[in-house]
Amino acid sequence: MTIINISFVESAIPRFDAAACMNCGVCTALCPMEIGPLPRMLFRQVILGLEDKVIENADTIFSCLLCKMCEANCPAGVPIAENLRLLRNHINTTVHGLGR
Ligand code: SF4
Ligand code: SF4
């Protein structure tokens, strides 16, 4: 069962910023790692508060190179790499118990 955490972004990742994403797919098309769900689906999961789904994608989140190929070509100026870094930090803290 999927649990929705409606305060996920505000409380857990307050600097996360994907509100301008228009789901155009440029990021997915250009990603050299061919990371399927990133960033479009993942960012939607974060905004909707689907924390469990985000954590399920941890391996994918950590496989990102942070190369910013997607970000440099994003027509909406979404800070994709920084968003992914924030998600990694959240997973490291809540799942792996690091940085507490
Ligand atoms: S390129 Fe930018 S606007 Fe397009 S889907 Fe990716 S994050 Fe969203
Ligand atoms: S920053 Fe990550 S998601 Fe974006 S193009 Fe590079 S590897 Fe892919």
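Everything discussed here concerns the structure shown above.
Residues numbered from 1 in each chain as written. Chains lettered and ligands numbered in written order. Predicted model: local features only at pLDDT ≥ 70, side-chain atom pairs only at ≥ 80, totals over all residues.

Chemist: It is not clear to me how the overall build of the protein chain should be interpreted in this structure. Could you clarify?
Modeler: On a plain count of helices and strands, the protein chain comes out with seven helices and zero strands. A compact globule built from 100 residues would reach a C-alpha radius of gyration of about 13 Å, and the protein chain, at 13 Å, matches this within 12%. Looking at the protein chain residue by residue over its 100 residues, the buried ones come to 25%. Expressed as a percentage of contacts within the protein chain between residues at least 6 apart in sequence, the contacts between residues at least 24 apart total 69%. (Helix = DSSP H or I, 4+ residues; strand = E, 2+ residues; numbered from the N terminus. Rg over C-alpha atoms; globule rule 2.2 N^0.38 Å. Buried ≥ 20, exposed ≤ 12 C-beta atoms within 10 Å, placed from the backbone. Contact = placed C-beta atoms within 7 Å.)

Chemist: Would you mind going over the site of ligand 2 with me for this structure?
Modeler: Close contacts around ligand 2 come from 17 residues, with Cys31, Cys64, Cys67, Met69 and Cys70 the closest. The set of elements that each furnish at least two residues to the shell around ligand 2 consists of helix H2 (26-30), helix H6 (69-73) and helix H7 (80-94). Of the residues contributing to the shell around ligand 2, the split by class is 16 nonpolar, no polar and one charged. (Near = placed C-beta within 6 Å. Nonpolar A, V, L, I, M, F, W, Y, C, P; charged D, E, K, R; others polar.)

Chemist: What am I meant to see in the site of ligand 1 here?
Modeler: Neighbouring residues of ligand 1: 14 residues in total, closest Cys21, Cys24, Val26, Cys27 and Cys74. The class makeup of the residues in the shell around ligand 1 is eleven nonpolar, two polar and one charged.

Chemist: Sorry if this is basic, but what is going on with the environment of Leu87 here?
Modeler: Along the chain, Leu87 falls in helix H7. Considering only alpha carbons, one finds Leu87 and Phe43, 44 residues apart in sequence, at a separation of 9.9 Å. In this view, Leu87 contacts Ile13, Val54 and Ile61; residues no more than four positions away in its chain are not counted.

Chemist: Just to check I follow, could you spell out the nonpolar core for this structure?
Modeler: Leu42, Val46, Val54, Cys74, Ile80 and Leu84 are the most contacted members of the largest nonpolar core, which has 18 residues in total. Looking at this core, the elements with two or more residues in it are helix H3 (40-48) and H7. (Core = buried A, V, L, I, M, F, W, Y, C linked by C-beta atoms within 7 Å.)

Chemist: What is the right way to read the environment of Leu65 from this model?
Modeler: Mapping Leu65 onto the fold places it in the loop between helix H5 (58-63) and H6. C-beta crowding within 10 Å serves as the criterion here: with 12 such atoms nearby, Leu65 is assigned to the exposed category. Taking the C-alpha atoms as reference, Leu65 lies 9.4 Å from Cys31; in sequence the two are 34 residues apart. In this structure, Leu65 is in contact with Pro32 and Met33, ignoring residues within four places of it in sequence.

Chemist: Explain unusual backbone geometry here, please?
Modeler: It is generally the case that most residues other than glycine have a negative phi and that most peptide bonds are trans. At Asn23, a residue that is not glycine, the phi angle is positive and equals roughly 60°. Structurally, Asn23 is set in the loop between helix H1 (8-12) and H2. We classify Asn23 as exposed; it has 11 C-beta atoms within 10 Å.

Chemist: How do you make sense of H3 when you look at a structure like this?
Modeler: Arg40, Leu42, Phe43, Gln45 and Val46 are the residues of H3 that are buried. Just past H3, the residue Gly49 takes up positive phi, approximately 80°.

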